[in-house]
Amino acid sequence: MTEEHPILPDSDGKYGLYGGRYVPETLIPALEELDKQYQLIKQDKNFQNEVSNDLKAYVGRPSPLYFAKRWTKQLGGAKVFLKREDLNHTGAHKINNTVGQILLAKHMGKKRIIAETGAGQHGVATATVAARHGLPCVVYMGEEDINRQSLNVFRMKLLGAEVVSVTSGTKTLKDAMNEAMRDWVTNVDDTYYIIGSVAGPHPYPEIVRDFNSVVGEELITQSKQEFNKDPEVLIACVGGGSNAMGLFYPFINAKNVRLIGVEAGGLGLETGKHAAPLNDGKEGILHGMRTYLMQDESGQIKETHSVSAGLDYPGVGPEHAWLKDIGRAEYVVADDEEALEAFKELTLIEGIMPALETAHALAHVKKMAPLMNKDEVIVVNVSGRGDKDINTVAEIEGINL
Amino acid sequence: MKRIESTFDNLRKQKKKALVAYLVVGDPDLETTLDLMEVMVSKGADILELGISFSDPMAEGPTIQHAHERALENKTTLSDALDLVIQFRKKDSTTPIVFMGYMNPFEAMGAENFCSRAYKSGLDGILLVDMPPEESRNFTRAASTNSLDLIRLIAPTTDEKRIKNICTDASGYIYYISVKGVTGSNKIDPVEVKSKVNTIQSMTDLPVVVGFGIKDADSVTSVRDLSDGIVVGSALVSLIAEGKNQLSDKISNKIEELSSALLSE
Ligand SMILES: Cc1ncc(COP(=O)(O)O)c(C=O)c1O
């Protein structure tokens with residue numbers, strides 16, 4: 001390990017070319033204040049203790065590292081371990097971030113919480129912590145996602161959140177994010193916007209990465225205990241990129257560990273109907289950040305497609321864009337069909353039903369493990385559980401529940 | 001002298017305020033946009049702000065969002081908007097035109113490429129909503145080498161130190177956003193506007209115009225004396241949304257209403 005990874009973002013909120021703060025002037029002072037408060041509080045021992053107590057007693061951390069023995073045997077190559085974020089309270093990695101950000105919001109004296117959501121997991125994770133801290137919460141969600149994730153919509157409502165249906169644009173995650181930004185511009189004095197991935201204007205990509213890094217940090221310890229070395233390969237799905245960043249970041253300087261992010265291939269890269277900006281996108285500006293985007297020649301953002309709502313996003317966190325350019329991480333795709341197959345396979349062989357987002361990462365494990373040696377280790381981030389996707393899967397199978 | 005500067009000079013000599021009228025290029029089609037631009041100028045608009053449609057107009061309220069959507073349904077592009085300026089300039093060589101939009105379509109064309117084409121087309125300024133000064137190096141350079149003004153936004157949340165910085169490399173005029181919110185908001189507070197505009201004027205000689213939330217004679221009257229001009233957007237765009245039937249009469253009445261409210265003592 002000769003070359004140490006630089007500490008990013010830099011003082012401009014950039015990861016190389018990417019990141020930054022491309023927002024209307026009204027929000028700039030709020031982002032500067034957020035950055036200042038975050039930099040101070042993250043050094044604070046009391047805050048750190050509060051976060052780690054919540055992660056332990058409320059979220060249920062550390063999440064186990066599970067050896068998928070039967071699946072490993074079937075794949076016939078590398079040992080496959082699952083980092084079980086699906087076992088967290090509310091069923092996904094998203095809660096790692098919301099537990100931290102809500103404490104930051106309270107520290108800043110904010111009285112109202114807003115969030116955007118795609119699959120509904122971040123919405124649920126936000127509504128959950130808002131309920132716990134007694135703060136009113138509004139979640140913006142695309143109309144199309146409301147239809148395909150109805151279970152999570154009802155969960156949010158039970159948790160006391162108001163779910164606002166977003167009917168502009170493509171009616172999915174990107175439009176929900178626009179709408180949340182509009183709310184924030186209007187109510188910036190008393191409202192805290194909890195962004196749900198390592199995306200958006202600086203300092204959000206940094207904040208969300210830091211709160212999710214507990215995943216990779218636990219894995220460092222667990223790897224020593226389980227196999228007494230670093231894993232050869234880490235694999236995670238990439239929507240905005242928070243579960244991947246949380247897994248990768250603590251291993252950034254461990255150059256012997258391959259980091260592989262899996263984007264949504266949708267109906268196939270060649271069809272253009274996918275959500276894989278790192279594989280088939282171009283640099284541009286959306287939602288306050290410079291990053292890889294799916295866009296046409298005139299700079300309009302393209303409609304995306306993925307069977308999983310949580311990956312159905314035309315952009316990606318700026319740190320991933322940078323990790324791709326410098327070659328530290330690799331980004332591949334798995335299409336809808338491969339993801340569905342992996343979803344069923346893990347359910348049948350290990351009795352673990354993953355989220356459809358996660359299933360994209362698992363699909364890549366299926367391709368890769370057989371090509372590796374039996375003494376090598378793959379750790380895949382099981383970013384969430386699949387209960388929320390049962391309706392989608394049933395519909396695809398033509399089954400009426 | 002640049003068109004924006006000479007427009008404000010003339011207005012100042014006549015002790016008048018600027019009426020800045022906004023509409024989205026290609027809403028509902030390019031021909032209508034050109035007609036409406038001419039109507040607006042003939043009825044008293046001093047500067048035209050042309051919205052450049054974007055798939056994700058983060059700072060717009062529903063009225064202008066829908067205008068962007070209508071323009072995009074027609075596949076209106078930034079190139080089309082430049083061609084429109086060329087058409088307009090055949091008949092009108094004095095009214096300033098400013099493009100207002102989001103960075104990505106401009107980046108897709110490239111800062112230098114866009115600015116040199118824009119200058120040749122007869123455009124006067126650009127205002128990119130999601131481009132704060134910190135992220136504007138390329139456009140600042142390209143705009144200034146091509147004699148385009150780079151209009152800057154100042155918001156109610158902008159503090160004095162930032163105002164000073166923003167004014168340093170602004171040109172044309174300063175656009176003060178009168179309310180925290182998206183376009184079409186409704187809660188303009190003249191007292192707050194006055195004190196902020198005074199602060200801005202103490203830091204720059206550029207004209208200051210006030211926008212967001214101005215929609216009729218009453219709201220014009222409430223902010224008229226506080227700045228060098230006003231911007232009206234959603235109120236015009238909502239007429240366009242009603243359809244082409246009698247559109248040019250409706251726009252012409254609206255502009256008359258606003259410009260006479262700007263004049264009356
Ligand atoms: C279970 C699960 N995994 C992954 C994602 C994708 O987000 P990210 O790429 O930020 O981890 C989501 C988003 O909703 C999710 O619910």
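None of these values were measured; they are calculated from a predicted model.

Participant: Whenever I open this one, the side chain of T33 of chain B confuses me. Can you help?
Facilitator: One can find T33 of chain B in helix α2 (residues 30-42). In this structure, T33 of chain B is in contact with L23, V24, V25, G26, D27 and L84 of chain B, ignoring residues within four places of it in sequence.

Participant: Help me understand the site of the ligand, please; the structure alone is not making it clear to me.
Facilitator: Residues and elements named next belong to chain A. As a matter of local geometry, the ligand sits amid 18 residues, with S197, G239, G241, S242 and S383 nearest to it. For the ligand, an oxygen atom lies 3.1 Å from a polar atom in the side chain of K94. Relative to its unbound accessible surface of 390 Å², the ligand loses 97% to contact with the protein. Partitioning the shell around the ligand into residue classes produces five nonpolar, eleven polar and two charged.

Participant: Looking at this model, I keep getting lost on the pattern of salt bridges. Mind explaining?
Facilitator: Should their charged atoms come close, side chains of opposite charge can pair. All told, the structure shown has 44 salt bridges over all chains when counted by the stated rule. When the shortest N-O distance is used, the salt bridge between E85 of chain A and R61 of chain A registers 2.7 Å. One end of the pair, E85 of chain A, is in the loop between β4 (79-83) and α4 (94-107); the other, R61 of chain A, is in the loop between α2 (45-59) and β3 (65-67), and 24 residues separate them in sequence. Judged by its relative accessible area of 0%, E85 of chain A is buried. R89 of chain B is paired through a salt bridge with D124 of chain B; the nearest N and O atoms lie 2.8 Å apart. Pair noted here: R89 of chain B is in helix α4 (residues 78-89) and D124 of chain B is in the loop between α6 (111-121) and β4 (125-128), with a separation of 35 residues, a long-range link. We note that R89 of chain B, like D124 of chain B, is buried. Each of the salt bridges in this network shares a partner with another, and the network as a whole consists of K42, E206, R209, D210 and E319 of chain A.

Participant: I tried to follow the packing of aromatic side chains on my own but got confused; where do I start?
Facilitator: Pairs of aromatic rings are described using the distance from one ring centre to the other and the angle between the two planes. Residues and elements named next belong to chain A. Applying the stated criterion across every chain, the model contains 13 aromatic pairs over all chains. Ring geometry for Y38 against F211: centres 6.0 Å apart, planes inclined by 70°, an arrangement best described as edge-to-face. Of this pair, Y38 sits in helix α1 (residues 28-41) while F211 sits in helix α9 (residues 204-212), and the two are 173 residues apart along the sequence. Pair check on accessibility: Y38 and F211 agree, each one buried. Ring geometry for F47 versus F211: centroids 6.4 Å apart, planes at 55°, classification tilted. Separated by 164 residues along the polypeptide, F47 in helix α2 and F211 in helix α9 bring together distant segments of the chain.

Participant: Help me understand the interface of chain B and chain A in this model?
Facilitator: Put simply, an interface is often sized by how much accessible area is lost when its parts join up. Taken together, the contact pairs 35 residues of chain B with 35 residues of chain A. In total, about 2,800 Å² of surface goes out of reach between chain B and chain A, with carbon and sulfur atoms giving 50% of it. On the surface where chain B and chain A come into contact, there are six salt bridges. Linking R162 of chain B and E32 of chain A is a salt bridge whose minimum nitrogen-to-oxygen distance equals 3.5 Å. On the surface where chain B and chain A come into contact, there are 20 residue pairs in polar contact (both at pLDDT 80 or more). Elements with a minimum of two residues in the side of chain B that touches chain A: α3 (62-73), α5 (103-109), β6 (152-154) and α8 (160-168) of chain B. Among the elements that make up the side of chain B that touches chain A, the one with the highest residue count is α5 of chain B (five residues).

Participant: I tried to follow the packing of α2 of chain A against α4 of chain A on my own but got confused; where do I start?
Facilitator: Think of two packed helices as two axes; the pair is described by the angle between the axes and how far apart they sit. Residues and elements named next belong to chain A. Put simply, α2 and α4 touch, their axes get as near as 10 Å, and they point 140° apart. By the criterion of interaxial angle, the relationship of α2 to α4 is oblique. In terms of crossing hand, the pair formed by α2 and α4 is right-handed. Where α2 approaches α4, its residues F47, E50, V51, D54, L55, Y58 and V59 are matched on the opposing element by I95, N96, V99, G100, L103 and L104.

Rules behind the numbers
Residues numbered from 1 in each chain as written. Chains lettered and ligands numbered in written order. Predicted model: local features only at pLDDT ≥ 70, side-chain atom pairs only at ≥ 80, totals over all residues. Heavy atoms only, no water. Helix = DSSP H or I, 4+ residues; strand = E, 2+ residues; numbered from the N terminus. Contact = heavy atoms within 4.5 Å. Near = heavy atom within 4 Å. Polar contact = N/O pair within 3.5 Å; in protein donor to acceptor, adjacent residues only side chain to side chain. Areas by Shrake-Rupley, 256 points an atom, 1.4 Å probe, with all protein chains shown as cover. Nonpolar A, V, L, I, M, F, W, Y, C, P; charged D, E, K, R; others polar. Salt bridge = Lys/Arg side-chain N within 4 Å of Asp/Glu carboxyl O. Buried < 20%, exposed > 50% of the residue type's maximum accessible area, 1.4 Å probe, protein only. Phe/Tyr/Trp six-rings, centres within 6.5 Å; stacked < 30°, edge-to-face > 60°. Buried area = accessible area lost by both parts, 1.4 Å probe. Axes fitted to C-alpha atoms, helices over the stretch in contact; angles between N-to-C directions. Parallel < 35°, antiparallel > 145°, perpendicular 65-115°, else oblique. Left-handed = near helix turned anticlockwise from the far one by under 90°.

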